[in-house]
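So you can see what is in the structure, the chains are spelled out below.
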Amino acid sequence: MNSRSCSSKKKKMIGVLTLSFGMVLSLLAPSSIEAAKSPKLSKSQVNVSVGKTVTLKLKNVAKKAKVKWVSKSKKVAKITKSSKKSAKIKGVKAGKATIKATYKVGKKSRTLSCKVVVKGKSTVKVTASPAPTPSPSATAAPNTPVPSNAPDVSASPDVPKQVYKWVTTWGTAEERCDATDSAMPKMALTDTTVRQIIRVTTGGNKLRLRLSNQYGKSDVEIQSLHLAKQIKADASTIDVSTDTAVTVNGEEEFIIPKGKVILTDEVEFPVDALENVAVSVYFGEAPKDNITGHRGARATTYQVSGNQVSEERFSSAKTTTSWFFLADVSMWSPEDSRAVVCFGDSITDGYGTDATYLGKKPDSYTRWIDYFAKRLQANEGTTNVSLINEGIGANSILGSYPTDAGKDRFARDLLEHDGVEYCIILFGVNDITNLKETSKYNLLIPEYKKMIQLCHENGIKVYGAPILPFGTSNSYTEASEEVRTMINDWMRSEDSGVDGIIDFESAVADPNNPKNILEKYTHEDGLHPYDGYSAMADAIDLSMFE
């Protein structure tokens, strides 16, 4: 082989290598370009004065991207306006906050953060407690107290002042509870002490109680009412160092008039979110029937003879799992606090969380609302969101058993509480069991519409929760399933007017047979998701409450 042909072959080889290297570069180029165009915030930190706004921009935003902006400290800096590519942030009070932008394309997402430093003096002033809103179902008693002025706040210009308001941190749906051999009270209320346990969903330093005798035919005489922290969830023992008397108009002895709802005076009582509080009441004269209360407390209530409101523990107490004369507890809370009314039937009430045949006991706090409360407290943007359980077992929208029909109690259970900004409606399954035809649909939809309208008229966001399946229940019929599907389809449509859907249905349904709840959740019941309440809570998008 001569040198000329050898040289020619070398040139060809070099050309091939050059071409191959060029192809490699062309293959690598897209990824390197894509990396260069990764989304990023225009600044990692911004400064803004109180009352002023600053714009934060997101660069390299893909056309198909979805962007969600969130302020993790709304009381310091809040987002006043946002789009896919920018957000306007307003300084509320001096301090530091974090703004987060969650950038999502397809199934991939990333979160970008920017620190916000708010400078200057806050112009916010502390206001007096607002007068309570009267219950739509009962006129406030003449002895309803007017809350006193707000607590003193440091006058130092370096300490920003805060607005506070009353927000309900715990509540239950009142119903008429008659005394029977199997229900509380096991003995007459007169001259006995009843210790009832509640779990607050948010923390604070000051609270007040709403007491209800709306079903009563006679007055309830309260000789003494005390609060204390419970030591152990399934025992009557209290921390006596926290024992605190509650008054009405400054008096420890007071009356809850028949047919009335009253407020106590506010009381200094520091408590953390998700702590148990014992409410110990010593009764004077009290009714034996038409007792206003709630049957499904799922928490143990203790009753003993005489005045023992401050006793550390009760011995030989009669027990039940009901509450009496307690309607709600409100906390003196920061201005960004808000409450959620959870309206429904036994599934919201937590039926099955104390099912003995499954080895469950009272005081477990395993309702879907209990799991939801824990999630809210674990999420920085929702620690000031409280929950009110307005579920009643066996209740329906149209029927009055075992107490007022859902359609008749909704206004009371929505509006009698303080600081309500959201409502979740999971209701209607008891209306559609054992159906033989589908005409019930036309009766139920107008009632749902009235509930949704009432929420919106009062500035409350309402979230619809489609009715859960119950295909393995003894109450199942094909007509029932058809109506359930029709209601759920309507609820998910724009015609319903709800502000969002909370899909408990998909969380517990058998994916292979969606008309049934998964057997591992419902066991032999078929209708109640005994072990599915945590799955329901996990299905809630917390951003709906931020």
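Because the structure is predicted, anything quoted here is derived from the model rather than measured. (Residues numbered from 1 in each chain as written. Predicted model: local features only at pLDDT ≥ 70, side-chain atom pairs only at ≥ 80, totals over all residues. Heavy atoms only, no water.)

Novice: Describe in detail the overall build of the chain, supporting the description with residues and values.
Specialist: Check the secondary structure of the chain and you find nine helices and 30 strands. Considering the chain as a whole, with its 546 residues, one finds that 51% of them fall into the buried category. Working note: accessible area of the chain is about 25,300 Å², and carbon and sulfur atoms make up 50% of it. (Helix = DSSP H or I, 4+ residues; strand = E, 2+ residues; numbered from the N terminus. Buried < 20%, exposed > 50% of the residue type's maximum accessible area, 1.4 Å probe, protein only. Areas by Shrake-Rupley, 256 points an atom, 1.4 Å probe, with all protein chains shown as cover.)

Novice: Can you explain the nonpolar core? Please cite residues and give values.
Specialist: Core analysis: the biggest nonpolar cluster contains 64 residues, and Trp 368, Phe 372, Leu 414, Ile 424, Tyr 448, Phe 504 and Phe 545 have the highest contact counts within it. The greatest single-element share of this core, amounting to eight residues, is contributed by helix α5 (residues 440–457). Among all residues touching Ile 424, those that are not within four sequence positions of it are Val 340, Val 341, Cys 342, Phe 343, Trp 368, Phe 372, Tyr 463, Ala 465, Ile 502, Phe 504 and Phe 545. (Core = buried A, V, L, I, M, F, W, Y, C linked by side-chain atoms within 4.5 Å. Contact = heavy atoms within 4.5 Å.)

Novice: Help me get a handle on the packing of α5 against helix α6 (residues 478–492), residues and values and all.
Specialist: The interhelical angle for the contact between α5 and α6, taken along N-to-C directions, is 30°, at an axis separation of 11 Å. Here α6 runs roughly parallel to α5, going by the angle between their axes. Considering the relative orientation of α5 and α6, their crossing is right-handed. Where α5 abuts α6, its residues Tyr 441, Leu 444, Ile 445, Tyr 448, Lys 449 and Ile 452 lie against Val 483, Met 486, Ile 487, Trp 490 and Met 491. Taken together, the residues of the contact of α5 with α6 sort by class into ten nonpolar, no polar and one charged. (Axes fitted to C-alpha atoms, helices over the stretch in contact; angles between N-to-C directions. Parallel < 35°, antiparallel > 145°, perpendicular 65-115°, else oblique. Left-handed = near helix turned anticlockwise from the far one by under 90°. Nonpolar A, V, L, I, M, F, W, Y, C, P; charged D, E, K, R; others polar.)

Novice: Tell me what's going on with the packing of aromatic side chains, and back it up with residues and numbers.
Specialist: Taken as a whole, this structure holds 16 aromatic pairs when the rule is applied. For the ring pair Trp 166 and Trp 332, a centre distance of 5.1 Å and an interplane angle of 55° mean the geometry is tilted. Here the residue Trp 166 occupies a position in strand β9 (residues 164–171), and Trp 332 occupies one in strand β23 (residues 326–334), the gap between them amounting to 166 residues. Overall, the relative accessible area of 5% leaves Trp 332 in the buried class. Plain terms: the ring middles of Tyr 351 and Tyr 530 are 6.2 Å apart, the flat faces sit at 50° to each other, and that makes the pair tilted. Of this pair, Tyr 351 sits in the loop between α2 (346–349) and α3 (368–378) while Tyr 530 sits in the loop between α8 (519–522) and α9 (533–538), and the two are 179 residues apart along the sequence. Classification of Tyr 351 as partly exposed rests on a relative accessible area of 36%. (Phe/Tyr/Trp six-rings, centres within 6.5 Å; stacked < 30°, edge-to-face > 60°.)

Novice: Can you tell me about unusual backbone geometry, naming the residues and giving the values?
Specialist: Along the chain, Tyr 401 connects to Pro 402 via a cis peptide bond; the corresponding omega equals -5°. With respect to the element layout, Pro 402 can be found in the loop between β25 (385–391) and α4 (406–415). The backbone phi angle of Phe 325 is positive, close to 65°, even though this residue is not glycine. Tracing the sequence through the fold places Phe 325 in the loop between β22 (323–324) and β23. Although it is not a glycine, Tyr 365 adopts a positive phi angle of roughly 55°. Among the structural elements, Tyr 365 can be located in the loop between α2 and α3.

Novice: So, the sheet that holds β25: which residues are in play, and what are the values?
Specialist: Reading across the sheet, the five strands line up as β25-β24-β26-β27-β28 and stay open at both edges, with parallel pairing between neighbours. Edge positions in the open sheet fall to β25 and β28 (500–501), since each of these has one partner strand only. Pairing between strand β27 (residues 461–464) and β28: two bridges, direction parallel. Among the inter-strand pairings, Gly 464 is bridged to a residue of β28, identified as Ile 501. Sheet contacts for α3: β24 (338–344), β25 and β26 (420–426); angle to β25, the most-contacted strand, approximately 175°. Sheet strands in contact with α4 are β24, β25 and β26, and its direction is about 170° off that of β24. (Pairing = 2+ DSSP bridges.)

Novice: Residue-level account of α3, with values.
Specialist: All of the buried residues along α3 are Trp 368, Ile 369, Asp 370, Phe 372, Ala 373 and Leu 376. Next to the buried residues of α3 lie β24, α2, β25, β26, α7 (504–508) and α9.

Novice: Explain the pairing of β24 to me, and be specific about the residues and the numbers.
Specialist: The buried fraction of β24 is high, at seven of seven residues. Burial along β24 is two-sided: the residues Arg 338, Val 340, Cys 342 and Gly 344 and Ala 339, Val 341 and Phe 343 are all buried. Where β24 and β25 come together, seven bridges link them in parallel fashion. Residue Ala 339 lies in a different strand from β25, and its bridge partner there is Ser 386.

That's the geometry; what it means functionally is another story.
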